[in-house]
Amino acid sequence: MKWRTLAVGLVVGALSLTACGKEGSPTSGGTVVSQPAAANVQVTGSPTFDKIQQRGRVVIGVKNDQPGLGIVDPTTNTYSGFDVEIGRLVAAKLGQGADKIDYKVVQSAAREDAISRGDVDYYVGTYTINDNRKQRVGFAGPYFVAGQGLLVRKDETAITSKDTLKGKKVCSATGSTPLQRVQQQQLTEPNNIIAFQTYGQCVDQLMSNQVDAVTTDDSILKGYAAQSPDKLKVVGDTFSTEPYGVGLAHDDKALRDKVNDILQASFDDGTWQKIYDATLGKSGSSATPPKINRY
């Protein structure tokens, strides 16, 4: 699936590995969870952790164009969002404070290469765990389970689920999996299926009453809803399963186990919930931590 860039949308099929930035204080909402760097951390048998220790910094792969999840303020080069906060949490528990984080923006198609080459120490950015990817990289998590959902205007009452889309104009990104699912399941008539290059364009069409619903991962939709909670809302149950994981080097089991422990602790002590409530939770949609699946 293709995501919206901060300004005009991510070009379909983008493969580039892009900018690297250092941690700062986000201008929108600030850092959600302030975690001090853990002292005397040891992850025995992890080559990635050894590299982090030697470097004295951690390099986190992220997205920079997904509202509520991973987005950058171009004027200050600072990052914020749910995924970014999960990345910060992991970094802190690996002994690296907020001033010891470098962010490397990696687009979807380049993620396995970036992790395999060691360009990033780990990746947090709507990264769905699946068997194909597990051939090349390891995963900790999931830390969130998304699914295809529906974004509608706040005053919409007729659309409550995918089963109420007949006769409604539904927008998604050209060539995306969500668009294909709408077509294959015949959720609305062919002439009511609208495609644009980016989800941002679909949201603009929704806001101007040109379409009735936008569909993609509900996590992305929650980000848009959180930006305009008085105008947009996410409705209905999801109709796919997208478990998001932390991408790691394929054979670094020691680090994978450590990150799983970090995530589980955040589920148990309420930290995860605080992160969600202060980011994606602003959309008005609730969520609870998923079950860790130790891959």
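What you see as residue numbers is a count from 1 along each chain, following the sequence as written. With pLDDT at 70 or above as the cut-off, local features in this predicted model cover only qualifying residues; side-chain atom pairs require 80 or more to be listed or tallied, and sums for whole chains, interfaces and linings still use all residues. Heavy atoms from the whole structure form the basis of all side-chain values; hydrogens and water molecules are not counted.

Caption draft 1: Main features of the pattern of salt bridges. Salt-bridge detection follows one rule: a side-chain nitrogen of Lys or Arg within 4 Å of a carboxyl oxygen of Asp or Glu. The final tally for this structure, using the stated rule, is 12 salt bridges. A salt bridge links Arg55 to Asp121; the shortest N-O distance between them is 2.8 Å. With Arg55 in helix α1 (residues 47-55) and Asp121 in the loop between α3 (111-117) and β7 (122-123), this pair connects stretches of sequence that are 66 residues apart. The salt bridge involving Arg133 is made with Glu112; its shortest N-O contact spans 3.7 Å. By the criteria applied, helices consist of DSSP H or I runs no shorter than four residues and strands consist of E runs no shorter than two, each listed in order from the N terminus.

Caption draft 2: Up close: the nonpolar core. Within this scheme, the nonpolar core is defined by two criteria: the residues are buried Ala, Val, Leu, Ile, Met, Phe, Trp, Tyr or Cys, and they are joined through side-chain atoms within 4.5 Å. Exposed residues in this analysis have more than 50% of their type's maximum accessible area, buried residues have under 20%, and partly exposed residues fall in between, with area computed by a 1.4 Å probe over protein chains only. Judged by nonpolar contacts, the single largest core of 55 residues is most densely connected at Phe82, Tyr122, Phe144 and Leu151. Top element by residues in this core is helix α2 (residues 82-93). It accounts for six residues. We call two residues in contact when some of their heavy atoms are within 4.5 Å. In contact with Phe82, not counting residues within four places along its chain, are Gly68, Leu69, Tyr143, Phe144, Trp272, Ile275, Tyr276, Thr279 and Leu280. Counting residues in hydrophobic clusters, the runner-up holds 12 residues, among them Val170, Leu187, Ile193 and Ala213.

Caption draft 3: Layout of α1. Along α1, the positions that sit buried rather than exposed are Thr48, Phe49 and Ile52. Projected onto a plane normal to the axis of α1, the buried residues spread over an arc of 100° and lie on a single side. Turned more than 90 degrees away from the buried face of α1, the exposed residues are Pro47 and Gln54. In the core, the buried residues of α1 are packed alongside β2 (58-62), β14 (242-249) and α8 (253-269). Two residues or fewer past α1, Gly56 is found with a positive phi of approximately 80°. To be clear, the arc concerns the directions from the helix axis to the C-beta atoms.

Caption draft 4: Focus on the state of the cysteines. Two cysteine sulfur atoms make up a disulfide if the distance between them is within 2.5 Å. Counting across every chain of the model gives one disulfide. A sulfur-sulfur separation of 2.1 Å characterises the disulfide bridge that pairs Cys171 with Cys202. On the sign convention where negative means left-handed, the S-S torsion of about -70° between Cys171 and Cys202 marks this disulfide as left-handed. Separated by 31 residues along the polypeptide, Cys171 in strand β10 (residues 170-173) and Cys202 in helix α6 (residues 199-207) bring together distant segments of the chain. Residue Cys202 is classed as buried on the basis of its relative accessible area, which comes to 0%.

Caption draft 5: Quick peek at the sheet that holds strand β5 (residues 78-80). Note on pairing: two strands pair once DSSP finds at least 2 bridges between them. If you walk across this open sheet you meet the three strands as β3-β4-β5, and the pairing is antiparallel. Whereas interior strands pair on both sides, the edge strands pair on one side only; in this sheet they are β3 (65-66) and β5. Where β3 meets strand β4 (residues 70-73), two bridges bridge the pair, whose relative direction is antiparallel. Looking at the pairing, Gln66 lines up with Gly70 of β4.

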